[in-house]
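As a plain string of letters, each chain reads:
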Amino acid sequence: MKPYALLRPHIVENRHLFLAGFLFLLMVNGLQLWIPRVVKHVVDGLSTGEAGHGDLLRYGLTVVVLALFIAVFRYGWRHCLIGTSRKIERGLRDRLYAHLLTLDAPFFDQNRTGDLMSRATSDIMNVRMATGMGIVAMTDAILLGGAAVGFMLWISGPLTLLALIPMPFIVLTTRLMSTRMHKNYTAVQEGLGDMTEMVREAFSGIRVVKVFGMGPLMDTRLRRLSDDYLARRMSLARTTGLMMPAMVLFTNLALAIVVGAGGWMVIEGRISTGDFVAFLSYLGLLTWPMMALGWMTNLIQRGRASLERLAAVMGEAPRIRDAADARPLLSSEGGLVLKNVCFGFRREGPEVLSDISLVIPPGSRVGITGPPGSGKTALLQLMARLYDPDSGQILLDGRDVSSLRLEDLRRQILFLPQEPWIFSGTLRDNIAGLGAVDEKKLGAACRAAQLEETLASFPMGLETLVGERGVTLSGGQKQRVALARTLLNPAPLLLLDDPVSQVDTVTAGRMLEALDSLEGNTRILASHRFSAISHADLIVVMENGRIRATGDHQRLMQSDDYYAKTWRIQAMEAALMEDSHGDF
Ligand SMILES: Nc1ncnc2c1ncn2[C@@H]1O[C@H](COP(=O)(O)OP(=O)(O)OP(=O)(O)O)[C@@H](O)[C@H]1O
């Protein structure tokens, strides 16, 4: 996407406000330039003795009226132009967020959340600054600055040339200082981010910190980050502290030149006293446009670079998307076939799944097991079409999943990830979503997910607020909340990634029974716990991204060493656990 194309709809949408703001700004500039002309007449009138009391009152009233209009129009341009830039900011943020939500798992694998956050915050802020204050600074630099110089030239060419000598220094200093200020400010923001992240990490892992006595280490780390943050803040303060004195120095230098040379010209009779005073007023008006000239180039450059970065993200298209001739899928029986599927997370990276072929009849119960890293999750993610295979085919009810409408496919397949995702809100919202829900069904789902006791132990029951990522819940409670969510909205094809890894064997048994009670769907469950998969119609044993063996429990006990050995170890562990429970 072209960077300016990204901005165009927002400019077009807010064009009236933008134009009104621009007109107000022009009027403020015009009126500001008028005041020195009034002052000139007063001073000339007074020096020649032509001005009477009535004239003074008239001139005074003119200045008051001009000042009033300037105040009103200044409010007008701020409201319209800065308001437009804020609207552009909001529009861009909404579009970016909506676009990011359309992107797929491969995109998020390759882009760090921190980078995306900085697109959504500092890049959008830079665009806002460029389209708001950048436009104001540009208009003032060109029009107000140009007109002020024009009036000065009208009074005296040579005096103007002399007065302009320090001006390039103002432009240059503002340019250098604003670049440095921006760098300092970014460093301050990063320092604050590092510090916040460190504190967040320490608090969210407070149990580990306490158990391993890591308090002093965390303290030292925070102290180091805090010192670093202070140093960055001081550096910013030094730069901003230098800016104003430098400006005052250069403007006073220009004033000294004009007082000397201009005063001499008045004595020589080359300009009138009124012209001299008006010239000084124009010189005063010129300081801001000169600063704006230096600032504007920075704002515009930064805004353009940020706009390019935003356009790059907005130009990203999801790789997992509907084919041009995608077909609808109104319902599914949940039968799945995988034909020679190969897959790697990265194109140049290692192959994670190799030559996987499987036939999963509709309504069957399938268990997937294998050592850690053998590819169980990757396989489920391909079945859910979170990724596409590099080669081979995945068919749902005989139709290639890549030929089906993604939105329809998502309704037919439910993937329950290993780490249940819990958002901050109530338990009800987490289980039932934010829409209306049938209370009976909700209660039944919570009962089946073995959540009843847990809910009864919370004074607010389903209305209990859970913290960010469900920090106030135990691992097992989170898994049961996720299961209740699944039971409330079952789909014809259920893909469950180790849904009972964090609960005891008895609770796991009940949770699996609840899943078994769901009729008419195909259930594929990956787990290290053999008791969770041993009753499956088909068990798939994975190893290094390949299918090592398939069959039911009886067959695998006879035919596969890994399966038989692991089963015996787990059965022994379970027996030992039962014995030790008996002792207590
Ligand atoms: N997003 C990713 N990007 C790159 N590599 C990945 C990604 N996710 C997993 N992998 C790699 O893919 C391989 C298979 O991982 P996968 O999560 O499928 O294993 P698993 O059998 O489910 O393991 P576990 O039992 O520990 O959950 C591993 O080598 C892992 O490091």
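The shown structure was predicted, so the numbers you read here are calculated from the model rather than taken from an experiment. (Residues numbered from 1 in each chain as written. Predicted model: local features only at pLDDT ≥ 70, side-chain atom pairs only at ≥ 80, totals over all residues. Heavy atoms only, no water.)

Quick look at the site of the ligand
Near the ligand lie 13 residues; those nearest to it are Gly-373, Lys-376, Thr-377, Ala-378 and His-528. Between an oxygen atom of the ligand and a side-chain N or O atom of Thr-377, the distance comes to 2.7 Å. The contact in question runs from an oxygen atom of the ligand to an N or O atom on the side chain of Gln-418, over 2.9 Å. Protein chains bury 63% of the 630 Å² of accessible surface belonging to the ligand in isolation. Residue composition of the shell around the ligand, grouped by class: five nonpolar, six polar and two charged. (Near = heavy atom within 4 Å. Polar contact = N/O pair within 3.5 Å; in protein donor to acceptor, adjacent residues only side chain to side chain. Areas by Shrake-Rupley, 256 points an atom, 1.4 Å probe, with all protein chains shown as cover. Nonpolar A, V, L, I, M, F, W, Y, C, P; charged D, E, K, R; others polar.)

Some thoughts on the packing of helix α16 (residues 475-488) against helix α17 (residues 505-517)
The axes of two packed helices give the description: the angle between them and the distance between them. In the contact formed by α16 and α17, the axes pass within 11 Å of each other and the chain directions differ by 10°. The angle between the axes of α16 and α17 places the two elements in the roughly parallel class. Where α16 abuts α17, its residues Gln-479, Arg-480, Leu-483 and Leu-487 lie against Thr-507, Met-511, Ala-514 and Leu-515. (Axes fitted to C-alpha atoms, helices over the stretch in contact; angles between N-to-C directions. Helix = DSSP H or I, 4+ residues; strand = E, 2+ residues; numbered from the N terminus. Parallel < 35°, antiparallel > 145°, perpendicular 65-115°, else oblique. Contact = heavy atoms within 4.5 Å.)

Examining the packing of aromatic side chains
Inspection of the entire model under this criterion finds 12 aromatic pairs. Their ring planes at 45° and their centres at 6.1 Å tell us that Phe-151 and Trp-154 sit as a pair that is tilted. Remark: Trp-154 and Phe-151 occur in helix α5 (residues 113-155); sequence separation between them is three residues, near one turn of the helix. Clustering of aromatic rings is evident, with ring pairs tying together Phe-24, Phe-69 and Phe-73. We note Arg-58 situated over the ring of Tyr-59; from NZ or CZ to the ring centre the distance is 5.2 Å. (Phe/Tyr/Trp six-rings, centres within 6.5 Å; stacked < 30°, edge-to-face > 60°. Lys NZ or Arg CZ within 6 Å of the ring centre and 35° of its normal.)

Regarding a nonpolar patch on the surface
A contiguous nonpolar patch, built from Leu-23, Leu-26, Met-27, Met-138, Ile-142, Leu-143 and Ile-300 and spanning about 560 Å² of accessible area, is present on the exposed surface. Of all the secondary-structure elements, those providing two or more residues to the nonpolar patch are α2 (15-48) and α5. Positionally, Leu-26 belongs in helix α2. The partly exposed category is assigned to Leu-26, whose relative accessible area is 32%. (Patch = residues over 30% accessible without salt bridge, like charges linked within 9 Å, V, L, I, M, F, W, Y side chains within 5 Å. Salt bridge = Lys/Arg side-chain N within 4 Å of Asp/Glu carboxyl O. Buried < 20%, exposed > 50% of the residue type's maximum accessible area, 1.4 Å probe, protein only.)

Details of the side chain of Thr-454
Examined against the element boundaries, Thr-454 turns out to sit in helix α15 (residues 452-457). Side-chain polar atoms of Thr-454 contact the side chain of Arg-480, separated by 3.1 Å. Dropping the residues within four chain positions of it, Thr-454 is found in contact with Gln-477 and Arg-480.

What to know about the packing of helix α9 (residues 215-267) against helix α10 (residues 273-314)
Where α9 contacts α10, the two axes come as close as 10 Å, and the packing angle between them is 160°. Viewed along their axes, α9 and α10 adopt a mutual orientation that is roughly antiparallel. At the point where α9 passes α10, the crossing takes the right-handed sense. Residues Met-243, Met-244, Met-247, Thr-251, Ala-254, Leu-255, Val-258, Val-259, Gly-262, Gly-263 and Val-266 of α9 form the contact with α10, whose participating residues are Thr-273, Phe-276, Phe-279, Leu-280, Leu-283, Thr-287 and Met-291. Grouping the constituent residues of the contact of α9 with α10 by class yields 13 nonpolar, five polar and no charged. (Left-handed = near helix turned anticlockwise from the far one by under 90°.)

Here we look at unusual backbone geometry
Backbone geometry at Asp-397 places phi at a positive 50°, although glycine is not the residue there. When you line up the elements, Asp-397 lands in the loop between β4 (391-396) and β5 (399-400). At Gln-450, a residue that is not glycine, the phi angle is positive and equals roughly 65°. Tracing the sequence through the fold places Gln-450 in the loop between α14 (439-448) and α15.

Side note on the nonpolar core
The biggest cluster of nonpolar side chains holds 43 residues, and the ones touching the most others in it are Leu-427, Ile-431, Leu-487 and Leu-515. Only β6 (413-416), α13 (427-432), α14, α16, β9 (493-497), α17, α18 (530-533) and β11 (538-543) provide two or more residues apiece to this core. Per-element accounting of this core gives the leading share, six residues, to α16. Those residues in contact with Leu-427 that lie beyond four places of it in its chain are Leu-455, Phe-458, Gly-461, Leu-462, Thr-464, Val-466, Leu-473 and Val-481. Judged by nonpolar contacts, the second largest core, of 32 residues, contains Ile-368, Met-383, Leu-406 and Ile-413. (Core = buried A, V, L, I, M, F, W, Y, C linked by side-chain atoms within 4.5 Å.)

Thoughts on the side chain of Asn-14
If you trace the backbone, Asn-14 turns up in the loop between α1 (3-13) and α2. You can call Asn-14 buried: its relative accessible area is 8%. Among all residues touching Asn-14, those that are not within four sequence positions of it are Thr-84, Lys-87 and Ile-88.

Some remarks on the sheet that holds strand β12 (residues 546-551)
Within a beta sheet, neighbouring strands are joined by backbone hydrogen bonds and run either parallel or antiparallel to one another. The strand order across the open sheet formed by six strands is β6-β9-β10-β3-β11-β12, and the pairing between neighbours is mixed. Both edges of this open sheet fall to β6 and β12, since each of them pairs with a single strand only. Averaged over all pairs of adjacent strands, the angle between their axes in this sheet comes to 15°, without regard to strand direction. Lying on the sheet, α17 is in contact with β3 (365-369), β9 and β10 (522-526); it crosses β10 at an angle near 155°. (Pairing = 2+ DSSP bridges.)

Digging into the environment of Pro-289
Within the secondary structure layout, Pro-289 lies in helix α10. Pro-289 sits in the buried class, given a relative accessible area of 0%. Apart from residues no more than four positions distant in its own chain, Pro-289 is found in contact with Asp-140, Ala-141, Leu-144 and Gly-145.

Things to note about the pairing of β12
As paired elements, β11 and β12 share five bridges and run antiparallel to each other. The residue bridging Val-540 from the neighbouring strand is Thr-550, located in β12. Linking β11 to β12, which pair antiparallel, is a turn of two residues; within it Asn-544 sits at a positive phi near 45°.

Focus on the domain arrangement of the protein
The assigned domain composition of the protein is domain 1 (1-155 + 296-318), domain 2 (157-270) and domain 3 (336-583). Contacts between domain 1 and domain 3 engage four residues on the former and four residues on the latter. Of the roughly 340 Å² buried where domain 1 meets domain 3, counting both sides, 46% is carbon and sulfur surface. Scanning the region where domain 1 abuts domain 3 turns up one residue pair in polar contact (both at pLDDT 80 or more). (Domains from an automatic or database assignment. Buried area = accessible area lost by both parts, 1.4 Å probe.)

Concerning the UniProt feature "transmembrane region" (unreviewed entry) in the protein
Taken from the UniProt record, the annotation "transmembrane region" (unreviewed entry) applies to residues 16-36, 56-77, 135-155, 161-178, 242-267 and 279-300. Summarising residues 56-77: 100% helix, 0% strand, and an end-to-end C-alpha distance of 31 Å. As annotated, residues 242-267 has a helix share of 100% and a strand share of 0%, and its two end C-alpha atoms lie 37 Å apart. (UniProt positions renumbered as here; feature names shortened; annotations may be inferred.)

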